[in-house]
Amino acid sequence: MSQALDLSAASLASLCGETCLRRALWLDECDSTNTRALDMIARNDAGEFPLLICAARQTAGRGRGTNTWWSEPGALICSLVVDTAQYGLAPEIRPLVSLLAGLSLLETARAELPRANFAVKWPNDVFLEDRKLAGILVEVPPQRPACLVIGIGWNINNSLAGAPAALQHTAISLRDAADQSFDRRALLRGLLDALDAGLQALARGELDLPGRWNAHCLLTGRAVTIRTGPRTVRGICRGIDRDGALLVEGDSGTERLFGGIVEDWE
């Protein structure tokens, strides 16, 4: 693959003229792109939005709760900062952005491997052939609560053969699935376009997020265990509703969960 077509400082900068991006920052290495984005916003140094921070290597990637994100060169590691006010997103629908990001990534990846089995796992994971392909972490900067930092870790050209043993059977990359390399810049551009279009449709009330999500929901029909705050909820997953809540049917009825960690499913 031509280096010019893959990710680099130059190819990333050129996306500002081709996508919704107003600013793009390339880092050879950082602790966490989400942490870097939050720090820049706290220092009032983020500039114009949407802003993208992309790293070749990340040393302290974060997931939900206390989870970490392992990555190697060849993955797409980035954080997209959007100002929801620019899109006209009302505060009550901003939590749906996490679900939209996962769905946008799935649809971008599926365009490359249309015959593969992709799925989304509530609230922030994308799976390929029943193994984790990507994770998304959305955070709100306290200094600018209208902004969202959308952290994305997507296994593309890195191989999980070199990952810790615990991940080798639970995670996957596009390269592992297809036995070929992919143009990460093209995939990133496709993801940015999908997210931009999705945010606009979400703001207009024209996005059928539940319909599109439930068509790919990994958990639907499965027995799940969800930890939400101090509580543990067990039951059968029935997908998500129009507000993005996970529906879990238990002995006492169906609960609507707006946040939590999926500890088990079968």
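You'll find the structure just up there.
The following refers to the structure shown. (Residues numbered from 1 in each chain as written. Predicted model: local features only at pLDDT ≥ 70, side-chain atom pairs only at ≥ 80, totals over all residues. Heavy atoms only, no water.)

On to the pairing of strand 11 (residues 231-240), then. Where strand 10 (residues 223-228) meets strand 11, six bridges bridge the pair, whose relative direction is antiparallel. Bridge pairing in strand 11 links Thr 225 to Arg 234. Hairpin connection, strand 10 to strand 11: the antiparallel pair is bridged by two residues, and Gly 229 has positive phi, about 65°. Pairing analysis gives three bridges linking strand 11 to strand 12 (residues 246-250), with the strands arranged antiparallel. Note on strand 12: the bridge partner recorded for Ile 236 is Glu 249. The antiparallel hairpin formed by strand 11 and strand 12 contains five residues in its connecting segment, where Gly 244 sits at a positive phi of about 85°. (Pairing = 2+ DSSP bridges. Helix = DSSP H or I, 4+ residues; strand = E, 2+ residues; numbered from the N terminus.)

Core analysis: the biggest nonpolar cluster contains 60 residues, and Trp 122, Leu 133, Trp 154, Leu 174 and Leu 188 have the highest contact counts within it. Of all the elements, helix 4 (residues 96-112) adds the most residues to this core, at nine residues. Those residues in contact with Trp 122 that lie beyond four places of it in its chain are Leu 99, Trp 213, Leu 219, Ile 226, Ile 240, Gly 244, Leu 246, Leu 257, Phe 258, Gly 259, Gly 260 and Val 262. Membership of the second largest hydrophobic core comes to 14 residues, among which are Ala 46, Ile 53, Val 81 and Val 149. (Core = buried A, V, L, I, M, F, W, Y, C linked by side-chain atoms within 4.5 Å. Buried < 20%, exposed > 50% of the residue type's maximum accessible area, 1.4 Å probe, protein only. Contact = heavy atoms within 4.5 Å.)

This part takes up the packing of helix 4 against helix 7 (residues 184-204). Interaxial distance between helix 4 and helix 7 falls to 9 Å at its minimum, and their mutual angle equals 140°. The orientation of helix 4 with respect to helix 7, classified from their angle, is oblique. Crossing handedness for the pair helix 4 and helix 7: right-handed. Across the interface between the two elements, Leu 96, Val 97, Leu 100, Ala 101, Ser 104, Leu 105, Thr 108 and Glu 112 from helix 4 touch Leu 187, Gly 190, Leu 191, Ala 194, Leu 195, Gly 198, Leu 199 and Leu 202 from helix 7. Looking at the contact of helix 4 with helix 7 residue by residue, the classes come out as eleven nonpolar, four polar and one charged. (Axes fitted to C-alpha atoms, helices over the stretch in contact; angles between N-to-C directions. Parallel < 35°, antiparallel > 145°, perpendicular 65-115°, else oblique. Left-handed = near helix turned anticlockwise from the far one by under 90°. Nonpolar A, V, L, I, M, F, W, Y, C, P; charged D, E, K, R; others polar.)

Before going further, it helps to examine the sheet that holds strand 1 (residues 23-27). Backbone hydrogen bonds hold the strands of a sheet together, and the pairing may be parallel or antiparallel. The seven strands are arranged 1-2-5-9-8-7-6 in an open sheet whose pairing can be described as mixed. In the strand order of this sheet, the two ends are held by strand 1 and strand 6 (118-121), each with one partner. Here the average twist between neighbouring strands, direction ignored, is 15°. Against the sheet, helix 7 contacts strand 2 (51-55), strand 5 (76-83) and strand 9 (147-154), and its axis sits at roughly 25° relative to strand 5.

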